[in-house]
Amino acid sequence: MKAIVVHEFGPPNVMKYEDVPTPDPGEGEVLVRVGAVSVNRNFDVNARAGNSAHGATLPLIMGVDPSGEITAVGSGVDENRIGEHVNIRGMARCGKCDNCKQGKRCSLSRPIGITAPGGYAEYIVVPDFQARTIPSSIPFADATVICRHAAAAFSETYTSELKAGEWALVMGAAGALASFLVQFAKLKGAHVIAAAGGEDRLEAARDLGADYTVNYRTQNLAEEVMKITDNHGVDVVFENIGDPDLWPGAWDSLAMNGRLITVGFHGGGVVPLDVKKLHMRRLKVLSSVMDAGSKDVVGDCLQLAAEGKIRPLIGKKLPLAEAAEGHRLVEEGGVVGKLILEP
Ligand SMILES: [Zn+2]
């Protein structure tokens, strides 16, 4: 089969499109024909460059979030799974091993694309519990993005206690997480202001349902928000950037009893906090990992996608052979939305 293999860490051109043996599923494993996999800035770009916090094993077949179809199963796996559409989760839990029983990282789960062979390949073998069933009506590319990013947006929306009729401001609105926040806020019945640093990004946010847009690189964010909301301000800011230059505009946009929620810090993570405003306006700063008032957040998100209520923002699709070009584009920030590779 064809796969993208990294033999040495470095720039995008260390990724080689090669012939490698097609893996066989062993006991408790499934073979998946990959339909789509994303270029993930945190995991993939760092793994290729040798900066992965998780370490990476060379030679490495990359790709942390493939979706595809089960084409064969090993012994001990229900043969009815053949033909199932699945998304592969790198950190799934078997629920049976000693580690799982003690609440630690599952000892059978393999972190694909980091230390185990990943999804930048025509086929991948994983333990069957790592292959999550997805509705066959959802394209593989969409499922890959939804399973990775929608759940975090779902839980953030839940934690923010955003209500119908309230105002929401979504920062970095064309990002992988924020593009779902725009949609979940609209589903809640909120008025949504999308903020981003480029016109193409604002247009993408409008396509996803944002009611108003502000370019925070060329406009005064808080001033524009106050104009749009008739001086009310927004009840919720979905921040997720942690940029000291952008934070004050987001903070000053909050209404009385406003909530700022953030789970991201790629903008640096250390920001000025106006404590006077925090106190006088009775503001809250919140974070959220996966508390969402639901047992199966990813399943709920897939259901919403199957019903056409949410969709991923996909900016570009490339054949797997062009993975290096995909990495270059993602690193330059030249794609609005996710970049998908298709074997
Ligand atoms: Zn386990």
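In what follows, the structure referred to is the one given above.
So, here's what we can say about the structure. (Residues numbered from 1 in each chain as written. Predicted model: local features only at pLDDT ≥ 70, side-chain atom pairs only at ≥ 80, totals over all residues.)

1. Looking at the sheet that holds strand 1 (residues 2–6)
Going by this rule: Whether two strands pair depends on DSSP finding at least two bridges between them. Each helix is a run of DSSP H or I of at least 4 residues and each strand a run of E of at least 2, with the numbering of both proceeding from the N terminus.
With antiparallel pairing, the three strands of this open sheet are ordered in space as 2-1-4. Among the strands making up the open sheet, the edge pair consists of strand 2 (15–19) and strand 4 (60–61). The pairing of strand 1 with strand 2 spans five bridges and is classified as antiparallel. Opposite Lys-2, over in strand 2, you have Asp-19 as the bridge partner.

2. Points about the environment of Gly-28
Short version of the rule: Residues are defined as contacting one another if the C-beta atoms placed from their backbone atoms lie within 7 Å.
Among the structural elements, Gly-28 can be located in the loop between strand 2 and strand 3 (29–38). Distance in space between the C-alpha atoms of Gly-28 and Ile-88 is 15 Å, their sequence separation being 60 residues. When sequence neighbours within four positions are dropped, the list of residues in contact with Gly-28 reads Gly-74, Gly-76, Val-77, Pro-127 and Asp-128.

3. A word on unusual backbone geometry
Residue Pro-59 is reached from Leu-58 by a cis peptide bond, and omega for that bond is -10 degrees. Residue placement: Pro-59 occurs in the loop between helix 1 (41–49) and strand 4. Unusually for a residue other than glycine, Asn-240 sits at a positive phi of about 60 degrees. Along the polypeptide, Asn-240 turns up in the loop between strand 12 (234–238) and helix 7 (247–251). Non-glycine residue Asn-257 carries a positive phi angle of around 60 degrees. Note on placement: Asn-257 falls in strand 13 (residues 254–261).

4. Here's the deal with the sheet that holds strand 14 (residues 284–286)
Two modes of strand pairing occur in sheets, parallel and antiparallel, and in both the strands are linked by backbone hydrogen bonds. Which entries qualify depends on this criterion: Angles shown run from 0 to 180 degrees and are taken between the N-to-C directions of axes, each axis being a line fitted to C-alpha atoms and, for helices, limited to the stretch in contact.
If you walk across this open sheet you meet the six strands as 11-10-9-12-13-14, and the pairing is parallel. Unpaired on one side and paired on the other, strand 11 (212–215) and strand 14 mark the two borders of the sheet. The mean angle between the axes of side-by-side strands here comes to 20 degrees, regardless of whether they run parallel or antiparallel. Strands strand 9 (167–171), strand 10 (191–196) and strand 12 of the sheet are contacted by helix 4 (residues 178–187), whose axis makes an angle of about 170 degrees with strand 9.

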